[in-house]
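Residue-level structural notes
For reference, the chains in residue letters:
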Amino acid sequence: MNSSVARRTRTDRTSLQATLRALVDDGIVTRDDAEQILHDQASEPGTQHPLSLIAQANLQRHDDPERLLTLEALTHWTADRYDLEYYRIDPLRIDSRQVTSVVPYAYAARAGILPLRVDDEQITVATADPSVRDWESDLAKVSGRRVRRVVANPEDIDRYLVEFYALSHSVTASEQERSGQGSNPAFHSLEQLMDLGRRGQLDANDSHVVNIVDWLLQYAFEQRASDIHMEPRRSGGRIRFRIDGVLHAVYEIPPSVMTAVTSRVKILGRMNVAEKRRPQDGRIKTRSPEGREVELRLSTMPTAFGEKLVMRVFDPDILVRDFDALGFEPDDQAAWQRMTTRPNGIVLVTGPTGSGKTTTLYSTLKHLATPEVNICTIEDPIELVEPSFNQMQVQPKIDVTFASGVRTVLRQDPDIVMVGEIRDLETAEIAIQAALTGHLVLSTLHTNDAPSAVTRLTELGIPAYLIRATLLGVVAQRLARQLCPECKRPAEPDPRKWDALAGGQRLAMPDQVFEPVGCPECRKTGYQGRVGLYEVMEMDEALTEAIRDDMDLEQLRALAIRRGTRPLRMSGAVKVAEGQTSLDEVLKVAPTALRP
């Protein structure tokens, strides 16, 4: 490409003065405000984009004083002025390896553009200055494709321009170093694919590999990922993030580079890099872009094409939260606090994997952790190292099980004991014994709802009289995705779906509910973040008397509802009526409610 053209386009960018004049003409900025910005910049000239400089002034829109003139608002205005589409850059939806191969970095940086999507006929390119078009004909001529312009935030363009090209450079350079010639060797047999690890070990600390791993972790933190999946495939490694319970594809990496990246992560997690045949576990402590400490739990699994590695992200700000942030309704929160502030007894939290049980328990223990209280936990594994707890890791290889761990903890003069999970009769018996001897015990079970936890204990072999003597209550929970506040829209509720949520309870159907739409803020999913749904069964005299060795689960469940327990779906119905989530989301995550 003609570099002189690229250099000229960057120099001839629309000036601050011309941008302000257009804003004044459109009635968005007053003349006085425009003159003040020009005066300030004259004394402190900078190289930032005019839209960024104007946004920094924190002006109120002259045509709408209730709204600030933010950078996003200015970008929207620019797009409308030139009759172009506004584009919110979502890095998870961009194949950065493909788009960076179309335009050289030096040219893109000079022209102030960022390629976003490439197909056989068209290239979509983001620009923050639509008045400059000299690069358009060059790109169309060289690529042989039509050029479609969109308008994006100038700061996003500058940021992702650097990130995408830096990552692509690191991957390409690492691949070339591994192959020796810059070509990617083809691997056809399973033995050759499995042998990749021996080639990658020596380069796990290579600067390019280090850059890839650093980018991957920081990127995951920014995108609020709860899990990072690194999956080897025949043609290349695939990286995916789980965000709000849904997996998103992030990047494709050549097989040889994927092996080196996996080895780098294993080194950071103090795992055996040479061992690739057996599953391994590890842990990394690092920091988020904001400087918060973040822990990652690592797990590897041997597959046909190499090691699959999953990193679970434990952000203390997410794992330990206030009760209000967890999503408890006021009456459920009061019941939960009554149960967990009793001096002795057992409290159970139930739900499937990924339903937020750990967050509920950690948040509760953090609230209970005062200088006068000794809290001991037995976990498998320790999810988050918390200084205010005494935490023990289950290690079956050396006979440190949940049951033996509880026995040890009971000799440590505890006030509160948290048992990670009751899996067998031995653990259940020792947990019950701890509750009988004057300790508050918190633990988890895998059951569909709260009443099922009682029958699960009897199925394990715990006599009903011991459950009656110790059980304080059970909380069943699920996580439902929250509707995106930017794009959710009102809708008429479906009476059949509402009846399914209410489960036969008397719950007035609202005049309107909200449904997902999808926008750049939520990556077109319609949802952003998650909220807890809770079924709180606080034991009272009637429920306690109903616990018998031959009790019927359906009768116990119906009694619990009559005694004030709100089923999971009914809890979801409350969230739907409040506009926090959708009918379909609650129906998907919560089990069928009983009609008493």
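Residues numbered from 1 in each chain as written. Predicted model: local features only at pLDDT ≥ 70, side-chain atom pairs only at ≥ 80, totals over all residues. Heavy atoms only, no water.

Right, let's get into the overall build of the protein chain. Helices and strands together make up the secondary structure of the protein chain, namely 26 helices and 19 strands. Put simply, the protein chain has 596 residues, and 53% of those count as buried. A total of about 27600 Å² of accessible surface is found on the protein chain, and carbon and sulfur atoms cover 46% of it. (Helix = DSSP H or I, 4+ residues; strand = E, 2+ residues; numbered from the N terminus. Buried < 20%, exposed > 50% of the residue type's maximum accessible area, 1.4 Å probe, protein only. Areas by Shrake-Rupley, 256 points an atom, 1.4 Å probe, with all protein chains shown as cover.)

On to the UniProt feature "domain: Bacterial type II secretion system protein E" (unreviewed entry) in the protein chain, then. On the UniProt side, "domain: Bacterial type II secretion system protein E" (unreviewed entry) is annotated at positions that read residues 410-424 here. Helix makes up 7% of residues 410-424 and strand makes up 27%, while its end C-alpha atoms are separated by 19 Å. (UniProt positions renumbered as here; feature names shortened; annotations may be inferred.)

With that settled, the discussion passes to the sheet that holds strand E16 (residues 471-483). As summarised here, the arrangement of the 7 strands in space is E13-E12-E14-E15-E11-E16-E19, forming an open sheet in which the pairing is mixed. Of all the strands in the sheet, just strand E13 (390-393) and strand E19 (527-538) have a single pairing partner and so form its edges. Ignoring which end each strand starts from, the neighbouring axes of this sheet average 20° apart. Note that strand E14 (residues 416-419) and strand E15 (residues 440-445) share 4 bridges and pair parallel. (Pairing = 2+ DSSP bridges. Axes fitted to C-alpha atoms, helices over the stretch in contact; angles between N-to-C directions.)

Pairing between side chains of opposite charge can happen when the charged atoms of each approach one another. Here the structure, examined in full by the defined rule, presents 38 salt bridges. Ionic pairing is found between Arg566 and Asp332, a salt bridge with its closest N-O pair at 2.8 Å. Remark: Asp332 occurs in helix H16 (residues 330-340) and Arg566 occurs in the loop between helix H24 (553-562) and helix H25 (568-577); sequence separation between them is 234 residues. For the pair shown, Arg566 and Asp332 are each scored as buried. Close ionic contact of Glu554 with Arg557 constitutes a salt bridge, the shortest N to O distance being 2.8 Å. Taken together, the residues span about one helical turn, with Glu554 and Arg557 both in helix H24 at a distance of 3 residues. (Salt bridge = Lys/Arg side-chain N within 4 Å of Asp/Glu carboxyl O.)

Our next topic: the sheet that holds strand E2 (residues 113-118). Spatial strand order, E1-E4-E3-E2: 4 strands in an open sheet with mixed pairing. The open sheet is flanked by strand E1 (85-86) and E2, the only strands paired with a single partner. Note that E2 and strand E3 (residues 122-127) share 5 bridges and pair antiparallel. Among the inter-strand pairings, Pro115 is bridged to a residue of E3, identified as Val125. Along the sheet, helix H8 (residues 134-143) contacts E2, E3 and strand E4 (146-151); its crossing angle with E4, the most-contacted strand, is approximately 140°. (Contact = heavy atoms within 4.5 Å.)

Along the polypeptide, His367 turns up in helix H17 (residues 357-368). Between the C-alpha atoms of His367 and Phe323, which are 44 residues apart in sequence, the distance is 9.3 Å.

To continue, consider the packing of helix H22 (residues 495-502) against H25. The interhelical angle for the contact between H22 and H25, taken along N-to-C directions, is 130°, at an axis separation of 7 Å. On the basis of their axis angle, the class for H22 and H25 is oblique. Two secondary-structure elements touch here, H22 through Trp498, Ala500, Leu501 and Ala502 and H25 through Arg569, Met570, Ala573, Val576 and Ala577. Taken together, the residues of the contact of H22 with H25 break down into 8 nonpolar, no polar and 1 charged. (Parallel < 35°, antiparallel > 145°, perpendicular 65-115°, else oblique. Nonpolar A, V, L, I, M, F, W, Y, C, P; charged D, E, K, R; others polar.)

Attention now moves to helix H20 (residues 450-460). If you check which residues of H20 are buried, you get Ala450, Pro451, Ser452, Ala453, Val454, Thr455 and Leu457. Looking at the packing, one finds that the buried side of H20 touches strand E11 (345-350), E15, helix H21 (464-470), E16, E19 and H24. Looking one or two residues past H20, Gly461 carries a phi angle of roughly 120°, positive in sign.

The next thing to look at is the environment of Pro302. Within the secondary structure, Pro302 sits in strand E9 (residues 293-303). Not counting residues within four places of it along the chain, the set of residues in contact with Pro302 comprises Lys276, Arg277, Arg278 and Pro279.

Following the criterion strictly, the structure yields 8 aromatic pairs and no others. For the pair Trp215 and Tyr219, a centre-to-centre distance of 4.7 Å together with 35° between the ring planes defines the contact as tilted. With Trp215 and Tyr219 both in helix H12 (residues 207-222) and 4 residues apart, the pair spans about one turn of that helix. Centre to centre, the rings of Tyr219 and Phe241 are 5.7 Å apart; their planes meet at 65°, and the pair counts as edge-to-face. Residue Tyr219 is located in helix H12, and its partner Phe241 is located in strand E6 (residues 237-243); the two are separated by 22 residues in the primary sequence. Three or more aromatic residues joined by ring pairs form one cluster here, namely Trp215, Tyr219, Phe241 and Tyr251. (Phe/Tyr/Trp six-rings, centres within 6.5 Å; stacked < 30°, edge-to-face > 60°.)

Sheet analysis places E1 next to E4, joined by 2 bridges and oriented parallel. Across the sheet, residue Tyr86 finds its bridge partner in E4, namely Val151. Pairing analysis gives 6 bridges linking E3 to E4, with the strands arranged parallel. By the bridge assignment for E4, Thr124 is matched with Arg148.

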